[in-house]
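# Secondary and tertiary structure notes
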Amino acid sequence: MDILSLTYEQLEVELAKLGCEKFRAKQVFLWLHTATQGGGNVNFSQMTNLSLQLRAKLDSNFYINSLNLQKTLVCDTDNTVKYLYALSDGEKIETVMMEYKHANSLCISTQVGCKMNCSFCASGSNGFVRNLSPGEMLLQLYQSEVISGRQVGNVVLMGIGEPLDNFDNVISFLKILSDKNGRNMSLRNVSLSTCGLCDEIEQLAEYKFPLTLSISLHAANDTLRNSIMPINKKYNIERLMRSCAYYFKKTGRRISFEYALIEGVNDDENSALALIGLLKHSNSHINLIGLNKVTNSTFTKSQNVKSFQQILTNGGLNATIRRTLGAQIGAACGQLVTMYN
Ligand code: SAH
């Protein structure tokens, strides 16, 4: 059994089955989610605060996963670093470390590949392979911190994959990450971005996590959104807005909408006015992204980012422009795809 993927409660149950005393769960969990920050390559024999007998028992019932660093790319201009990791079955994912004024932010992948096929994004261009386990998401954090020597203050689930398409594992990841018996990261420091899986947005609301939910909107009318984001054919904008209102009502957390500006596609004045119409009364925040170049798409970056922002601001929306980090090394939004071997 993959012990890094177990929540605290699950570990308690598993250890009880092995006849361990209740307090052992706390000891083991704390060790796992702090000692693995030693780089992932740890084993039970290093748990010297446990008896030899118990260590042997753990060793025969569980394994401790790790990632294998394949490649590191550094962007000199902004200190962004992209890591290519191989998983234990040889599949590959990317993780990006970004530097902001107050803290480092780590962009974590949640799947190998992606099913969503947004036309401006590279992450789905090689198809979908599999979901990541909670442990594989945590290890991106633990190992990237050790390799870089940089401490991560914020985690963004914005790497390869659609987090809400890997719902149960992402929920376990969030529980483990924020567990007071382990890493104890506040979920206020976590953002989760989704292309708009409405049933799952509503399910997520029930957990009342204090994280920031980001919605990849990119178009304010269904015709356009259908043409660039296939998920819109399943959950149209009206349904998406209903799910967002529900999420806000349940959690009290303001939603952030992402809007990548694409030249000649969604960057004209009418698009901005439609966006104002859609979000005016929603108590939300809009994050404009200058489109990043990806090889599988002919779309280019809009020249109107500033003027688009101005129209939104004049219309009463709270709109900011996302800083582009790591574009030189293919580490910016939409560019993660793991093409190299
Ligand atoms: N699957 C999730 C997580 C991806 S997060 C989602 O769709 O939200 C990455 C963000 O970058 C999303 O808002 C995504 O729509 C956006 N993005 C994708 N391709 C992009 C590109 N070429 N340029 C700028 N942003 C892009």
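Residues numbered from 1 in each chain as written. Predicted model: local features only at pLDDT ≥ 70, side-chain atom pairs only at ≥ 80, totals over all residues. Heavy atoms only, no water.

## As for the overall build of the chain
- Scanning the chain from N- to C-terminus turns up 10 helices and 12 strands.
- A compact globule built from 341 residues should have a C-alpha radius of gyration of about 20 Å, and the chain, at 21 Å, falls within 12% of that.
- For the C-alpha atoms alone, the extent of the chain along its principal axes is close to 70 × 40 × 35 Å.
- For the chain, the residues scored as buried account for 55% of the 341 residues in total.
- The long-range share in the chain, meaning contacts at least 24 apart out of those at least 6 apart in sequence, stands at 67%.
- Total accessible area computed for the chain in this model is approximately 14,700 Å², and 48% of it derives from carbon and sulfur atoms. (Helix = DSSP H or I, 4+ residues; strand = E, 2+ residues; numbered from the N terminus. Rg over C-alpha atoms; globule rule 2.2 N^0.38 Å. Buried < 20%, exposed > 50% of the residue type's maximum accessible area, 1.4 Å probe, protein only. Contact = heavy atoms within 4.5 Å. Areas by Shrake-Rupley, 256 points an atom, 1.4 Å probe, with all protein chains shown as cover.)

## Some words on the site of the ligand
- Among the 19 residues in the neighbourhood of the ligand, the closest are listed as F120, S193, S216, H218 and N292.
- E162 has a polar side-chain atom sitting 3.1 Å from a nitrogen atom of the ligand.
- Note that a nitrogen atom of the ligand is positioned 2.9 Å from one of the backbone N or O atoms of N292.
- The fraction of the free accessible surface of the ligand (540 Å²) that becomes covered by protein chains is 96%.
- Those elements giving two or more residues to the shell around the ligand turn out to be β8 (190-194) and β10 (256-261).
- Its residues placed into classes, the shell around the ligand shows 10 nonpolar, 7 polar and 2 charged. (Near = heavy atom within 4 Å. Polar contact = N/O pair within 3.5 Å; in protein donor to acceptor, adjacent residues only side chain to side chain. Nonpolar A, V, L, I, M, F, W, Y, C, P; charged D, E, K, R; others polar.)

## Brief notes about the sheet that holds strand β4 (residues 104-107)
- Ordered by their spatial adjacency, 10 strands build an open sheet running β1-β2-β3-β4-β7-β8-β9-β10-β11-β12, and the pairing between neighbours is mixed. Since the sheet does not close on itself, it has two edges, and those belong to β1 (68-75) and β12 (319-321), each with one partner. Mean inter-strand twist for the sheet, computed between neighbouring axes without regard to direction, equals 25°.
- Here 4 bridges tie strand β3 (residues 92-99) to β4, and the two strands are oriented antiparallel to one another. Its bridge partner being in β4, V96 is matched across the sheet by C107.
- Along the sheet face, helix α4 (residues 134-148) touches β1, β2 (80-86), β3, β4 and β7 (152-157) and points at about 125° away from the line of β2. (Pairing = 2+ DSSP bridges. Axes fitted to C-alpha atoms, helices over the stretch in contact; angles between N-to-C directions.)

## A few points about the layout of surface pockets
- Considering only enclosed or pocket space, the second largest pocket measures out at about 180 Å³ in volume.
- Along the walls of the second largest pocket sit M241, C244, A245, F248, I255, F257, L278, H281, S282, N283 and S284, which together make up its complete lining.
- The leading source of residues in the lining of the second largest pocket is helix α8 (residues 237-251), at 4 residues. (1 Å grid on protein atoms, 1.4 Å probe; cavity = no way out; pocket = protein on both sides within 12 Å on 5 of 7 lines; lining within 4 Å. Points joined across faces, edges and corners; volume = space filled by probe spheres on them.)

## Focus on the nonpolar core
- In this structure, L174, I286 and L312 are the most contacted members of the largest nonpolar core, which totals 97 residues.
- When residues of this core are assigned to their parent elements, the largest contribution, 7 residues, is made by helix α5 (residues 167-178).
- In this structure I286 touches F257, Y259, L275, L279, L312, L317, N318, A319 and T320, once residues within four positions along its chain are discounted.
- Within the second largest apolar cluster, 10 residues are counted, among which are V96, M98, C107 and L336. (Core = buried A, V, L, I, M, F, W, Y, C linked by side-chain atoms within 4.5 Å.)

## Let's talk about unusual backbone geometry
- Positive phi outside glycine occurs at N79, with the angle close to 65°.
- Looking at N79, the relative accessible area reads 32%, which means it is partly exposed.
- Positive phi is not limited to glycine here, since N117 has a value of about 55°.
- By the secondary structure assignment, N117 is in the loop between β5 (111-113) and β6 (128-131).

## Observations regarding the pairing of β7
- One ladder, built from 4 bridges, connects β4 with β7; its direction is parallel. Bridge pairing in β7 links N104 to V152.
- Strand direction decides the pairing type here: β7 and β8, joined by 3 bridges, are parallel. Paired with V155 across the two strands is V190, which belongs to β8.
- Taken together, β7, α5 and β8 constitute a β-α-β crossover, and its handedness is right-handed. (Right-handed = clockwise from strand over helix to strand, strands pointing away.)

## Examining the state of the cysteines
- Summed over the entire model, instances satisfying the criterion amount to 0 disulfides.
- As a non-bridged cysteine, C107 has C333 as the owner of its nearest cysteine sulfur, 7.2 Å distant.
- Unpaired in terms of disulfides, C198 finds its nearest cysteine sulfur in C244, a separation of 7.1 Å.
- Under the relative-accessibility criterion, C198 is labelled buried at 0%. (Disulfide = S-S within 2.5 Å.)

## Quick word on the side chain of R322
- For R322, the position within the fold is in the segment after β12.
- For R322, a relative accessible area of 16% corresponds to the buried category.
- Those residues in contact with R322, other than ones at most four positions away along the chain, are M158, E258, N287, L288, I289 and C333.

## Considerations on the pattern of salt bridges
- One pass over the full model with this rule turns up 12 salt bridges.
- When the shortest N-O distance is used, the salt bridge between K22 and E12 registers 4.0 Å. Linking K22 in the loop between α1 (8-17) and α2 (23-35) with E12 in helix α1, this pair joins segments that are 10 residues apart in sequence.
- With its nearest N and O atoms 3.3 Å apart, the salt bridge here joins R24 to E21.
- Several salt bridges share partner residues, and in doing so they unite D89, R130 and E136 into one network. (Salt bridge = Lys/Arg side-chain N within 4 Å of Asp/Glu carboxyl O.)

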